Structure formats: C-alpha cells, structure tokens
Amino acid sequence: MFHLAQLNIAKTLAPMESEQLKDFVDGLDPVNEKAETTPGFVWRLKDVSGNATNIVAFDDPDILINMSVWETLESLKQFMFNTHHIDFLKRKKEWFKPMEQANYVLWWVPIGHEPTILEAMARLEYLRQHGETSHAFSFKKTFAAEDH
C-alpha cells in the first residue's frame, strides 16, 4: 500500500562547474543510472538534463535537491550502501558544506504517488522541528509503513 520517499539536500562548497566538484558532477549520470536499475527503485526527481542539479528549490541556488521513491526501506538502503553510491557518500565533505540541521528525510507515500518538492520540504521541516515520527524520519529511527 505504501512506498518510501526520500529527500536529501546539500549545499555545495563550490560552483557545479568547478574543478572541486568535477568528480561529483562526472558521477551523477552513472549513479542515477545505477539507482534506476536497482531493484525496488520507483521514481526520482529530474529535469530535462536527467538529474535534479538545475532544480532550484531554495532561495540559495547552491543547495542541491535529490528526491526519490523506493518500494521499501531495504531497497533504498541497498542502493545507498551497497553500490557505487557509497563512494560518493564517503566523499561528501569534499563537495558539500556540513548542515546544522537534518539534511534528509524519509516518509511513506501511497503507491503511485510522486511527491512534490513542497511536500518533501514540509516533511524535512517537520523532522527538524519535531524529531523522528512516523510522519517524517531518518535512518536513525525508522517506522514501518503500517505505522504511517
């Protein structure tokens, strides 16, 4: 009855076309392709370029947004931690500024629902204000879809 949605944001340390972000930018297409071929992948936010780096969701254009939907929490974890994506997680300090507040959120959506950016940002803000609940949570304390 439900799929898992995720939003994560990151503030770049340099412009996207900079040498500092070259490895990150060069890896976007392969990582996105891997996501889309990982079992359990449902949907991801993207523009005509095939990624979401040109989508401005905040007043600060240096904040990148990534959003996707997965069949299960396990399928998202499989992609994040057991594919080439983990290499990018390990290097995030080279490309992105640390954030003082939560920079990602998970929540359950009805099957077939593609969350909007406003919906996702509201979930992130809810997590920041209220902590982990079945409405908005992180990997630190997950909730089953049935608890939604």
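Shown above is the structure to which this text applies.
The paragraphs below set out a description of the structure included in this document.

**Re the overall build of the protein chain**
Right, on to step 1. What the protein chain contains, in helices and strands, is five helices and five strands.
Right, on to step 2. A compact globule built from 148 residues would reach a C-alpha radius of gyration of about 15 Å, and the protein chain, at 15 Å, matches this within 12%.
Right, on to step 3. Overall, the protein chain is about 45 × 35 × 30 Å in size when its C-alpha atoms are taken along their principal axes.
Right, on to step 4. Within the span of the protein chain, comprising 148 residues, buried residues form 42% of the whole.
Right, on to step 5. Excluding contacts between residues fewer than 6 apart, the proportion of contacts in the protein chain whose partners are at least 24 apart in sequence is 72%.
Right, on to step 6. Of the accessible surface of the protein chain, which amounts to about 8400 Å², a share of 53% is contributed by carbon and sulfur atoms.
Right, on to step 7. In the protein chain, 15 side chains carry a positive charge and 22 a negative one; their mean positions are 5 Å apart.

**Quick word on the packing of aromatic side chains**
Right, on to step 1. Counted by the stated rule, this structure contains ten aromatic pairs.
Right, on to step 2. Centre to centre, the rings of Trp108 and Phe137 are 6.4 Å apart; their planes meet at 40 degrees, and the pair counts as tilted. Within this pair, whereas Trp108 is found in strand β5 (residues 104-110), its partner Phe137 is found in the segment after α5 (117-130), the two being separated by 29 residues in sequence.
Right, on to step 3. The exposure class of Trp108 is buried, given its relative accessible area of 7%.

**Looking at the nonpolar core**
Right, on to step 1. Counting residues in each nonpolar core, the largest one holds 23 residues, and the members touching the most others are Leu4 and Phe24.
Right, on to step 2. Of all the secondary-structure elements, those providing two or more residues to this core are β1 (2-12), α1 (22-37), β3 (63-70), α2 (73-82) and β5.
Right, on to step 3. Setting aside anything within four residues of it in sequence, one finds Leu4 in contact with Ser68, Val69, Trp70, Glu71, Thr72, Leu73, Leu76, Leu106, Trp107, Trp108 and Phe137.

**Looking at the pattern of salt bridges**
Right, on to step 1. Following the criterion strictly, the structure yields six salt bridges and no others.
Right, on to step 2. The salt bridge involving Asp26 is made with Lys22; its shortest N-O contact spans 2.6 Å. Pair noted here: Asp26 and Lys22 are both in helix α1, with a separation of four residues, about one helical turn.
Right, on to step 3. Residues Glu36 and Lys46 are paired through a salt bridge, measuring 3.1 Å at the closest nitrogen-oxygen approach.

**Comments concerning the pairing of β1**
Right, on to step 1. In terms of residue burial, β1 counts as a mostly covered element, since nine of its eleven residues are buried.
Right, on to step 2. Sheet topology note: the β1/β5 ladder contains seven bridges and is antiparallel. Looking across to β5, one finds that Phe2 is bridged to Pro110.
Right, on to step 3. Sheet topology places β1 next to β3; eight bridges connect them, and they run antiparallel. Considered in β3, the bridge of Leu7 is made with Met67.
Right, on to step 4. Pairing between β1 and strand β4 (residues 96-97): two bridges, direction antiparallel. The residue bridging Thr12 from the neighbouring strand is Phe96, located in β4.

**As for α5**
Right, on to step 1. Between its first and last C-alpha atoms α5 spans 20 Å; for 14 residues at 1.5 Å apiece the expected length is 20 Å, and the two agree.
Right, on to step 2. Within α5, burial applies to Ala120, Arg123, Leu124 and Leu127. Buried residues of α5, viewed axially, fall in a sector of 95 degrees; they line one side. Of the exposed residues in α5, the ones pointing more than 90 degrees away from its buried face are Leu118 and Gln129.
Right, on to step 3. Looking at the packing, one finds that the buried side of α5 touches β1, β3 and β5.
Right, on to step 4. At the exit of α5 stands Gly131, carrying a positive phi of roughly 80 degrees.

About the criteria used
Residues numbered from 1 in each chain as written. Predicted model: local features only at pLDDT ≥ 70, side-chain atom pairs only at ≥ 80, totals over all residues. Heavy atoms only, no water. Helix = DSSP H or I, 4+ residues; strand = E, 2+ residues; numbered from the N terminus. Rg over C-alpha atoms; globule rule 2.2 N^0.38 Å. Buried < 20%, exposed > 50% of the residue type's maximum accessible area, 1.4 Å probe, protein only. Contact = heavy atoms within 4.5 Å. Areas by Shrake-Rupley, 256 points an atom, 1.4 Å probe, with all protein chains shown as cover. Lys, Arg positive; Asp, Glu negative; His and termini not counted. Charge placed at Lys NZ, Arg CZ, Asp CG, Glu CD. Phe/Tyr/Trp six-rings, centres within 6.5 Å; stacked < 30°, edge-to-face > 60°. Core = buried A, V, L, I, M, F, W, Y, C linked by side-chain atoms within 4.5 Å. Salt bridge = Lys/Arg side-chain N within 4 Å of Asp/Glu carboxyl O. Pairing = 2+ DSSP bridges. Expected span 1.5 Å × (residues − 1). Arc of directions from axis to C-beta.

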